[in-house]
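Commentary on secondary and tertiary structure
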Amino acid sequence: QMYSKEGEIIDFVSPVVTQGKNVEVWMTEVENQMLAAVREVIKIGIETYAEIARTDWVLRNPGQVCLNSSQVHWTAEVEQAINETALDAYFQKLTDQLMDLV
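Rules used in this analysis
- Residues numbered from 1 in each chain as written.
- Predicted model: local features only at pLDDT ≥ 70, side-chain atom pairs only at ≥ 80, totals over all residues.
- Heavy atoms only, no water.
- Helix = DSSP H or I, 4+ residues; strand = E, 2+ residues; numbered from the N terminus.
- Rg over C-alpha atoms; globule rule 2.2 N^0.38 Å.
- Buried < 20%, exposed > 50% of the residue type's maximum accessible area, 1.4 Å probe, protein only.
- Areas by Shrake-Rupley, 256 points an atom, 1.4 Å probe, with all protein chains shown as cover.
- Lys, Arg positive; Asp, Glu negative; His and termini not counted.
- Charge placed at Lys NZ, Arg CZ, Asp CG, Glu CD.
- Salt bridge = Lys/Arg side-chain N within 4 Å of Asp/Glu carboxyl O.
- Core = buried A, V, L, I, M, F, W, Y, C linked by side-chain atoms within 4.5 Å.
- Contact = heavy atoms within 4.5 Å.
- Phe/Tyr/Trp six-rings, centres within 6.5 Å; stacked < 30°, edge-to-face > 60°.

1. Looking at the overall build of the chain
Scanning the chain from N- to C-terminus turns up four helices and two strands. Over its C-alpha trace the chain gives a radius of gyration of 18 Å, far above what one expects of a compact globule, namely 13 Å for 102 residues. In terms of overall dimensions, the chain has C-alpha extents of about 60 × 30 × 20 Å along its principal axes. By residue count, 23% of the 102 residues in the chain fall in the buried class. Here the chain displays about 7500 Å² of accessible surface, and carbon together with sulfur accounts for 57% of that area. If the 7 positive side-chain charges of the chain are averaged to one point and the 16 negative ones to another, these points end up 4 Å apart.

As structure tokens, this is what we get:
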């Protein structure tokens, strides 16, 4: 598991065994698991963004997941708003989302 100073916890995808290994080997394995774990929780964050109320989604996920996953959806939504000439409505949606979090 990884622990942030904010108290967020991200589980490794698979455990790292340190017994009988040089420190350079298992520290590299830890680093690889850190990357894999962050990728996995961001993937889950992207997938669950549309399934859960946004305020609940933000509270359930670590900060980095919220930032990165919401940007994926934001990009798609902005593109859609531009294509549909609905930027004013999208601006209002974003304002409402922000106010829901405050």
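From this point, the discussion proceeds with the structure in view.
2. Notes on the pattern of salt bridges
For the coordinates displayed, the defined rule picks out three salt bridges. Put simply, Glu77 and Lys93 hold a salt bridge, and the shortest N to O gap is 3.5 Å. Within this pair, whereas Glu77 is found in helix H3 (residues 63-83), its partner Lys93 is found in helix H4 (residues 87-101), the two being separated by 16 residues in sequence. Looking at Lys93, the relative accessible area reads 36%, which means it is partly exposed.

3. Re unusual backbone geometry
Positive phi values are uncommon outside glycine, yet Thr85 reaches one of about 45°. Counting through the fold element by element, Thr85 comes out in the loop between H3 and H4.

4. Concerning the nonpolar core
Ranked by size, the top nonpolar core spans six residues in total: Met2, Ile10, Ala37, Val38, Ile42 and Val65. A per-element tally of this core places helix H1 (residues 23-48) first, with three residues. Beyond its immediate sequence surroundings of up to four residues, Ile10 is in contact with Gln1, Met2, Ala37, Val41 and Pro62.

5. With respect to the packing of aromatic side chains
Using the criterion set out here, one finds one aromatic pair in the structure. With centroids separated by 4.9 Å and ring planes inclined at 90°, the aromatic side chains of Tyr49 and Trp57 adopt a geometry described as edge-to-face. Given a relative accessible area of 0%, Trp57 falls into the buried group.

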